[in-house]
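Architecture at a glance
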Amino acid sequence: MENTFPQDFVFGTATASYQIEGAVNEDGRCPSIWDTFSHTPGATLAGDTGDVATDSYHRWREDLALLKDLGVDAYRFSIAMPRIMPTPNGVVNDKGLDFYERIVDALLESGIKPVVTLYHWDLPQYLGDEGGWLNRKTAYALADYTSVVAKRLGDRIDTWTTLNEPWCSSYLSYGAKEHAPGLGLGPGAFPAVHHLNLAHGLMVQAVRAELGESAKCSVTLNLALNRGDADACHRLDLISNRAFLDPMLRGRYPDELFAITKGICDWSFVQPGDLEQIHQPIDVLGINYYSTNLLAMSDRPQFPQSTEASTAPGASDVDWLPTEGPHTDMGWNIDPDGLHDLLVRVHDNYPEVPLMVTENGMACKDQLVVNDDGSKSVHDADRIDYLQRHLVAARRAMSEGVPLTGYFVWSLLDNFEWYFGYAKRFGITYVDYATQERIPKDSFLWYRNFIASRA
Ligand code: BGC
Ligand code: BGC
């Protein structure tokens, strides 16, 4: 049936460690590049940091109660390397592992599958001090950390996701200045792209070395669905999508990527044997989808570089055009067909791998309402509409043969939205940051019904 999801389809919600945990100085955690960045004056929009966030390090039981109430099949969360390996000498911090073990066990007791992201951007600062992702050693450090986590949490994890959105960890972080460490190097981001790809391959191997071939491995990419001029779209596809997809799933970088970056990058950091390391079979590909881009070829190079242009070195002759509204509170356009089109395209080009939507959701200007009886509500009809239309689009792709196995709403609760701090709310649960009270929004209640009926 067109609008019914199969019984084994996985519905969930997602979060990430630095965005929710807080407790940055507790139980032996070391600083991450996001602590340093968010504490740098002017780096985030209003100077917000993740010091407290939603305090989930202390309130994780409340969050778990929300998940149970929601009736999700799975919870996607990330593990913070700074809690597990807080020093450069490789000593393991058991308190960090204990924290995640408690969460995993509690999830399993509630019948919720743990879908773990091993790296969602909170790189230990000691690795940042050595160049972070510009340094190839970072990839090996991530693999060592992966072995430690796999050894401890082992068979209890449903899906091991190596990286979340390496596009952000490279272009947005080293090419542009929006994410930590915010270096603004333009084409200087390509070594980070490659070292993240290498980390992915090494991390998959580390998981399988501990747990055997049956361990379910994945990576989450924020693939761009571009519309507009065909040449411009082709260029962006090479830089934003295929620079990750092709090495991971095909074992090579596209020749055309080398061609369009000739003169700005010699790719000499790609060492013999790297592509074999990167090219590991994965069991499912995670896709994060929010909106689409509208592109044109420009007759003038984009100087000074916009954030968009600095995240696409090799496409200085591409223009980002304003998209048609309505837009979300992030200013992102709403294009559910884009999710359908993206899923169909990825499946056409990489038919061997099942897909999962690991993030989809919307930032809204949510208003907390205190009702006459003292109860509180948030009437986020726009978010419900957004989620519903994207689910319909995903279901349509499935009817056309796309092997989509799951869908996760970003996010379980409002949280630290990176550069934008607490100014943007993506949650289906409202967080009152003054009290840390959690208030399920209408979208939470809607999603609960949706999951229960799967239709
Ligand atoms: C935003 C980030 C976001 C990313 C998602 C960027 O444009 O600034 O905050 O995480 O897109 O793809
Ligand atoms: C990231 C999340 C982020 C969300 C909204 C994704 O890029 O994985 O961490 O909060 O988009 O920007």
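Residues numbered from 1 in each chain as written. Chains lettered and ligands numbered in written order. Predicted model: local features only at pLDDT ≥ 70, side-chain atom pairs only at ≥ 80, totals over all residues. Heavy atoms only, no water.

An unreviewed UniProt entry annotates the protein chain as Beta-glucosidase originating from Bifidobacterium hominis. Under the UniProt heading Sequence similarities (unreviewed entry), the note attached to the protein chain is "Belongs to the glycosyl hydrolase 1 family." (UniProt positions renumbered as here; feature names shortened; annotations may be inferred.)

1. A look at the site of ligand 2
Gln19, Glu165, Glu359, Glu417 and Trp418 are the nearest of the 13 residues found near ligand 2. At 2.9 Å, a side-chain N or O of asparagine 164 approaches an oxygen atom of ligand 2. Between ligand 2 and glutamate 165, the relevant distance is 2.5 Å, taken from an oxygen atom to a side-chain nitrogen or oxygen of the residue. Relative to its free-state accessible area of 310 Å², ligand 2 is covered by the protein chains to the extent of 94%. Taken together, the residues of the shell around ligand 2 sort by class into six nonpolar, four polar and three charged. (Near = heavy atom within 4 Å. Polar contact = N/O pair within 3.5 Å; in protein donor to acceptor, adjacent residues only side chain to side chain. Areas by Shrake-Rupley, 256 points an atom, 1.4 Å probe, with all protein chains shown as cover. Nonpolar A, V, L, I, M, F, W, Y, C, P; charged D, E, K, R; others polar.)

2. Quick word on the pattern of salt bridges
Tallied over the entire structure, the rule returns 34 salt bridges. Its salt-bridge partner being arginine 438, residue aspartate 63 comes within 2.9 Å of it at the nearest N-O pair. In this pair, aspartate 63 is assigned in helix H3 (residues 56–70) and arginine 438 in strand E15 (residues 437–440), connecting sequence segments 375 residues apart. On the basis of relative accessible area, arginine 438 is assigned to the buried category, the value being 10%. (Salt bridge = Lys/Arg side-chain N within 4 Å of Asp/Glu carboxyl O. Helix = DSSP H or I, 4+ residues; strand = E, 2+ residues; numbered from the N terminus. Buried < 20%, exposed > 50% of the residue type's maximum accessible area, 1.4 Å probe, protein only.)

3. Section: the sheet that holds strand E9 (residues 318–320)
Spatial ordering of the open sheet is given by E6-E8-E9, a layout of three strands whose pairing is mixed. Of all the strands in the sheet, the pair left with one neighbour each is strand E6 (226–228) and E9. Sheet twist, expressed as the average angle between the axes of neighbouring strands with direction ignored, equals 45°. Inspection of the sheet shows E6 paired to strand E8 (residues 293–297) by three bridges, in the parallel sense. Across the sheet, residue glycine 228 finds its bridge partner in E8, namely leucine 295. (Pairing = 2+ DSSP bridges. Axes fitted to C-alpha atoms, helices over the stretch in contact; angles between N-to-C directions.)

4. Remarks on the packing of H3 against helix H5 (residues 94–109)
At a minimum axis separation of 11 Å, H3 and H5 run at an interaxial angle of 10°. Compared by their axis directions, H3 and H5 come out roughly parallel. On H5, the residues touching Ser56, Tyr57, Trp60, Leu64 and Leu67 of H3 are Phe99, Arg102, Ile103, Ala106 and Leu107. Across the contact of H3 with H5, the residue classes break down as eight nonpolar, one polar and one charged. (Parallel < 35°, antiparallel > 145°, perpendicular 65-115°, else oblique. Contact = heavy atoms within 4.5 Å.)

5. Considerations on empty space enclosed by the protein
Summed over all chains, the structure comprises three cavities of 30 Å³ or more. Space inside the largest cavity adds up to approximately 150 Å³. Surrounding the largest cavity, 17 residues form its lining, Ile20, Trp60, Tyr75, Phe77 and Ile103 being those nearest its centre. The set of elements that each furnish at least two residues to the lining of the largest cavity consists of helix H1 (17–20), H3, strand E2 (74–78) and H5. Considering each element in turn, the lining of the largest cavity owes the most residues, five residues, to H3. Tallied by class, residues from the lining of the largest cavity come to 11 nonpolar, four polar and two charged. Reported here for the second largest cavity is a volume of approximately 40 Å³. Around the second largest cavity, the lining residues are Ile33, Trp34, Tyr119, Trp121, Trp133, Ser169, Ser173, Tyr174, His179 and Ala180. When residues of the lining of the second largest cavity are traced back to their parent elements, those giving at least two are helix H2 (33–38) and helix H8 (166–175). It is H8 that provides the largest number of residues to the lining of the second largest cavity, a total of three residues. The class makeup of the residues in the lining of the second largest cavity is seven nonpolar, three polar and no charged. (1 Å grid on protein atoms, 1.4 Å probe; cavity = no way out; pocket = protein on both sides within 12 Å on 5 of 7 lines; lining within 4 Å. Points joined across faces, edges and corners; volume = space filled by probe spheres on them.)

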